[in-house]
Amino acid sequence: MFTRRVPVPKEAVDMIWGHCIRLMNRMFVEGFSLAKKCSNEGRALMQLDFQQFLMKLETLTDVRPIPDKQHVEMYVKAYYIGENDLEQWLRDHKEYSTKQLHSLVTSGIGAHLSKKSRQRLLSVVDEIDKSRR
């Protein structure tokens, strides 16, 4: 509607869409990280919600590739990773905030681990946090 009244170059419109999509995708990860517990059904719903968002987005804009799409998909897939692989995943994916990584450990696979194993993974998150400072 705005572009009908004021001519805006397509490049500018696409740039604005790109920034908005990137922010929305970051908000998906932030929202998923707020989950206190995450069951198999909850993980499936995370994926379904994100896929629905992507389908609606395709009808609104022709910006491709979708900015930060992989950022969301990688985070949701991390909920399916086993204990041994999660430690390496945490070390490899420092693009997520400490709070988001902490949430993965406590509400993801960590919810089903022994206290000792969970503490070990949380210490990896703390180590990552200290290396950022």
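How each quantity is defined
Residues numbered from 1 in each chain as written. Predicted model: local features only at pLDDT ≥ 70, side-chain atom pairs only at ≥ 80, totals over all residues. Heavy atoms only, no water. Core = buried A, V, L, I, M, F, W, Y, C linked by side-chain atoms within 4.5 Å. Buried < 20%, exposed > 50% of the residue type's maximum accessible area, 1.4 Å probe, protein only. Helix = DSSP H or I, 4+ residues; strand = E, 2+ residues; numbered from the N terminus. Contact = heavy atoms within 4.5 Å. Salt bridge = Lys/Arg side-chain N within 4 Å of Asp/Glu carboxyl O. Phe/Tyr/Trp six-rings, centres within 6.5 Å; stacked < 30°, edge-to-face > 60°. Lys NZ or Arg CZ within 6 Å of the ring centre and 35° of its normal. Axes fitted to C-alpha atoms, helices over the stretch in contact; angles between N-to-C directions. Parallel < 35°, antiparallel > 145°, perpendicular 65-115°, else oblique. Nonpolar A, V, L, I, M, F, W, Y, C, P; charged D, E, K, R; others polar.

1. Observations regarding the nonpolar core
The biggest cluster of nonpolar side chains holds 31 residues, and the ones touching the most others in it are Trp 89 and Leu 90. Counting residues per element, the ones that place at least two in this core are α2 (10-33), α3 (40-60), α4 (69-78), α5 (83-92), α6 (98-107) and α7 (115-132). Look past the residues within four positions of Trp 89 in its chain and what remains in contact with it is Met 74, Tyr 75, Ala 78, Ile 81, Tyr 96, Leu 101 and Leu 104.

2. Examining α6
Along α6, seven of the 10 residues are buried, which leaves the element largely enclosed by surrounding structure. Of the residues making up α6, those classed as buried are Thr 98, Gln 100, Leu 101, Ser 103, Leu 104, Val 105 and Ser 107. On its buried face, α6 sits against α2, α4, α5 and α7.

3. Topic: the pattern of salt bridges
Summed over all chains, the structure comprises 10 salt bridges. With a closest N to O distance of 2.7 Å, Asp 68 and Arg 26 form a salt bridge. One end of the pair, Asp 68, is in the loop between α3 and α4; the other, Arg 26, is in helix α2, and 42 residues separate them in sequence. Overall, Asp 68 belongs to the buried group, its relative accessible area being 18%. The partner of Lys 99 in a salt bridge is Glu 30, and the shortest N-O contact between them spans 2.3 Å.

4. Thoughts on the packing of aromatic side chains
Inspection of the entire model under this criterion finds seven aromatic pairs. With centroids separated by 5.3 Å and ring planes inclined at 45°, the aromatic side chains of Tyr 75 and Tyr 96 adopt a geometry described as tilted. Note that Tyr 75 is positioned in helix α4 and Tyr 96 in the loop between α5 and α6, a separation of 21 residues in sequence. Under the relative-accessibility criterion, Tyr 75 is labelled buried at 0%. Put simply, the rings of Phe 28, Phe 32, Phe 50 and Phe 53 touch in pairs and so form one group of aromatic residues. In this structure, Arg 43 packs its charged tip against the face of Tyr 80, placed 5.4 Å from the ring centre.

5. A look at the packing of α6 against α7
For the pair α6 and α7, interaxial distance at closest approach is 10 Å and the crossing angle is 170°. For the element pair α6 / α7, the angle class is roughly antiparallel. For the pair α6 and α7, the contacting residues are Thr 98, Leu 101, His 102, Val 105 and Thr 106 in the first and Arg 118, Leu 121, Leu 122, Val 125, Ile 128, Asp 129 and Arg 132 in the second. Within the contact of α6 with α7, the residues separate by chemical class into six nonpolar, three polar and three charged.

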